[in-house]
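Here is what each chain is made of, one letter per residue.
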Amino acid sequence: MFGYGMGYYGIMWDPTYILVMIGMVLCLGASALVNSTMSKYSRVRNMSGVTGAEAARRILNNEGLYNVQIECLRKDSGDHYDPRTNTVRLSYGNYNSASVTAVGVAAHECGHAIQHAKGYAPLSIRSALVPVANIGSMLGIPLILIGVLLSWNQTLIQIGIWAFALAVLFQLVTLPVEFNASRRAVQKVEQYGLLTAQENTGCKKVLTAAALTYVAAAASSILQLLRLLLLFGGNRRRDD
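This structure is a prediction, so every number in the text was calculated from the model and none was measured. (Residues numbered from 1 in each chain as written. Predicted model: local features only at pLDDT ≥ 70, side-chain atom pairs only at ≥ 80, totals over all residues. Heavy atoms only, no water.)

1. Points about the overall build of the protein chain
Stage number 1. Along the protein chain, the regular secondary structure elements total seven helices and three strands.
Stage number 2. Element order for the protein chain, N to C, with α for helix and β for strand: α-α-β-β-β-α-α-α-α-α.
Stage number 3. Counting only C-alpha atoms and orienting by the principal axes, one finds that the protein chain spans roughly 70 × 35 × 30 Å.
Stage number 4. Here the protein chain displays about 12500 Å² of accessible surface, and carbon together with sulfur accounts for 62% of that area.
Stage number 5. Separation of charge centres in the protein chain, based on 20 positive and 13 negative side chains, amounts to 3 Å. (Helix = DSSP H or I, 4+ residues; strand = E, 2+ residues; numbered from the N terminus. Areas by Shrake-Rupley, 256 points an atom, 1.4 Å probe, with all protein chains shown as cover. Lys, Arg positive; Asp, Glu negative; His and termini not counted. Charge placed at Lys NZ, Arg CZ, Asp CG, Glu CD.)

2. Quick notes on the packing of helix α4 (residues 100–117) against helix α6 (residues 154–191)
Stage number 1. Two elements in contact, α4 and α6, have axes separated by 7 Å at closest approach and are oriented at 115 degrees. For the element pair α4 / α6, the angle class is roughly perpendicular. Our pair here, α4 against α6, has a crossing hand that is right-handed. Contacts between α4 and α6 involve Val103, Ala107, His108, Gly111, His112, Ile114 and Gln115 from the first element and Val177, Glu178, Asn180, Ala181, Ser182, Arg184, Ala185, Lys188 and Val189 from the second.
Stage number 2. Across the contact of α4 with α6, the residue classes tally to seven nonpolar, six polar and three charged. (Axes fitted to C-alpha atoms, helices over the stretch in contact; angles between N-to-C directions. Parallel < 35°, antiparallel > 145°, perpendicular 65-115°, else oblique. Left-handed = near helix turned anticlockwise from the far one by under 90°. Contact = heavy atoms within 4.5 Å. Nonpolar A, V, L, I, M, F, W, Y, C, P; charged D, E, K, R; others polar.)

3. As for unusual backbone geometry
Stage number 1. Unlike most non-glycine residues, Asn86 shows phi in positive territory, near 50 degrees.
Stage number 2. The partly exposed category is assigned to Asn86, whose relative accessible area is 22%. (Buried < 20%, exposed > 50% of the residue type's maximum accessible area, 1.4 Å probe, protein only.)

4. Regarding the confidence of the model for the protein chain
Stage number 1. Overall, the prediction assigns the protein chain a mean pLDDT of 90, with 91% of residues at 70 or greater.
Stage number 2. pLDDT under 50 marks residues 1–12. Its contacts with residues more than four places away, or in other chains, come to 23 contacts. (pLDDT = per-residue confidence, 0-100.)

5. Concerning the packing of aromatic side chains
Stage number 1. Across all of its chains, the model carries one aromatic pair by this definition.
Stage number 2. Ring centres of Trp152 and Phe232 lie 5.7 Å apart, and the angle between their planes is 40 degrees; this geometry places the pair in the tilted category. One end of the pair, Trp152, is in the loop between α5 (121–149) and α6; the other, Phe232, is in helix α7 (residues 197–232), with 80 residues separating them in the sequence. Grouping residues by exposure puts Trp152 and Phe232 together as buried.
Stage number 3. We note Arg184 situated over the ring of Tyr120; from NZ or CZ to the ring centre the distance is 5.5 Å. (Phe/Tyr/Trp six-rings, centres within 6.5 Å; stacked < 30°, edge-to-face > 60°. Lys NZ or Arg CZ within 6 Å of the ring centre and 35° of its normal.)

Structure follows, in structure tokens:
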């Protein structure tokens with residue numbers, strides 16, 4: 001089945017699978033780096049004793065964003081800014097901790113709130129892409145496989161590839177949004193004196209490591225899209 005110069009065993013042995021493996025290595029490496037860096041600086045208490053929640057409130061107030069709420073999540077992950085409700089949501093640890101990591105993460109999410117308030121175009125584009133990106137990530141691969149099963153139905157295969165490409169586009173648009181939010185975070189932390197110069201160096205390392213996870217995810221998705229194009233992008237039918 002699905003012979004592509006690979007005999008009976010099919011696609012799983014195709015040499016293009018190396019692209020997926022490269023993507024996995026990139027993601028695992030980036031994840032290990034961010035976990036290590038965040039863990040390191042989560043144990044470093046900032047000299048001012050400012051918690052993530054307090055840092056966020058100070059940044060938002062100084063930016064005139066009194067309407068943006070700050071909420072504490074019941075778990076130690078999932079920090080994000082919700083533009084639909086103007087809410088910065090911090091994980092339980094970052095909300096209550098006075099670590100360098102907590103301040104950095106809180107400042108980053110405030111960076112998104114500032115983007116929203118100032119009408120930062122890439123953020124608006126990313127928000128608009130969310131529905132189609134979700135559909136693309138869920139239906140892209142299944143549509144391609146169904147197309148293959150239906151005697152290499154090129155219509156379904158091409159729709160699947162385009163759907164997956166939309167998910168990749170979302171990740172590419174995410175990159176400038178995340179990097180800009182981190183840049184704003186560093187600026188505001190320095191501007192409002194939330195961390196010392198030495199602590200701010202650690203904050204930059206935390207935000208840089210976090211940004212690399214988005215780069216790795218985007219690179220992995222691009223490699224996966226390339227593999228799909230190599231395997232299924234042709235117009236001829238592959239026979240066993």
